[in-house]
Amino acid sequence: QVQLVESGGGLVQAGGSLRLSCAASGSTFSGKTMGWYRQAPGNQRELVATISSFNNIYYAESVKGRFTISRDGAKNAVYLQMNSLKPEDTAVYYCNTWPQRDDVWGQGTQVTVSS
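What you are looking at is a predicted structure, and each value in this text was computed from that prediction instead of being measured.

Peer 1: Explanation requested: the state of the cysteines in the structure shown.
Peer 2: By definition, a disulfide is the covalent link that joins the sulfur atoms of two cysteine residues. A full pass over the atoms with the stated rule returns 1 disulfide. There is a disulfide in this structure between Cys22 and Cys95, and the S-S distance comes to 1.8 Å. Given an S-S torsion of about 50 degrees, the disulfide between Cys22 and Cys95 has right-handed geometry. Here the residue Cys22 occupies a position in strand β3 (residues 18–25), and Cys95 occupies one in strand β9 (residues 91–97), the gap between them amounting to 73 residues.

The structure is reproduced here in structure tokens:
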């Protein structure tokens with residue numbers, strides 16, 4: 001069974017940076033497009049960024065120029081470098097495949113940006 005574990009969240013001031021990590025067990029990311037998603041209180045979960053197995057990358061307009069998605073096939077991991085964080089980036093961040101698989105959502109990692 002696939003398990004995704006996100007880590008790296010925390011509390012940071014506006015303008016700060018965080019690096020999120022996503023590790024998979026039970027399966028490999030190889031050949032799959034992976035994505036980072038986030039869900040803020042009272043909002044629906046939204047797609048933040050995706051990276052294909054060929055390193056084709058997509059960013060939501062709201063994070064373009066501030067966030068960088070990357071992957072390490074050898075470590076079966078996906079990362080999200082978040083710079084110039086804003087209070088509106090506050091959310092629980094999740095990784096999953098893209099399109100998402102509803103049976104593999106992890107616990108997510110909380111990112112809180114204070115103003």
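Peer 1: Looking at this model, I keep getting lost on the sheet that holds strand β7 (residues 67–72). Mind explaining?
Peer 2: Hydrogen bonding along the main chain pairs the strands of a sheet, whether they run parallel or antiparallel. Strand order in this open sheet of 4 strands is β1-β3-β8-β7, and the pairing throughout is antiparallel. Strands with a single pairing partner mark the edges of an open sheet, and in this sheet they are β1 (3–7) and β7. The average angle at which neighbouring strand axes cross in this sheet is 15 degrees, direction not considered. Relative to strand β8 (residues 77–82), β3 is paired through 6 bridges, and the arrangement is antiparallel. By the bridge assignment, Ala23 is partnered in β8 with Ala77.

Peer 1: Would you mind going over the nonpolar core with me for this structure?
Peer 2: Side chains of a nonpolar character, in soluble globular proteins, are inclined to be buried together. Trp36, Leu80, Met82 and Tyr93 are the most contacted members of the largest nonpolar core, which totals 29 residues. Elements with a minimum of two residues in this core: β3, β4 (34–39), β5 (46–51), β7, β8, β9 and β10 (109–114). Top contributing element to this core by residue count: β3, with 4 residues. Beyond its immediate chain neighbours, meaning those up to four positions away, Met82 contacts Gly16, Ser17, Leu18, Leu20, Arg66, Phe67, Tyr93 and Val111.

Peer 1: Is there a simple way to think about the environment of Pro41 in this case?
Peer 2: Residue position: Pro41 is located in the loop between β4 and β5. For the pair Pro41 and Leu80, spaced 39 residues apart in the sequence, the C-alpha separation amounts to 21 Å.

The rules behind each value
- Residues numbered from 1 in each chain as written.
- Predicted model: local features only at pLDDT ≥ 70, side-chain atom pairs only at ≥ 80, totals over all residues.
- Heavy atoms only, no water.
- Disulfide = S-S within 2.5 Å.
- Helix = DSSP H or I, 4+ residues; strand = E, 2+ residues; numbered from the N terminus.
- Pairing = 2+ DSSP bridges.
- Axes fitted to C-alpha atoms, helices over the stretch in contact; angles between N-to-C directions.
- Core = buried A, V, L, I, M, F, W, Y, C linked by side-chain atoms within 4.5 Å.
- Buried < 20%, exposed > 50% of the residue type's maximum accessible area, 1.4 Å probe, protein only.
- Contact = heavy atoms within 4.5 Å.

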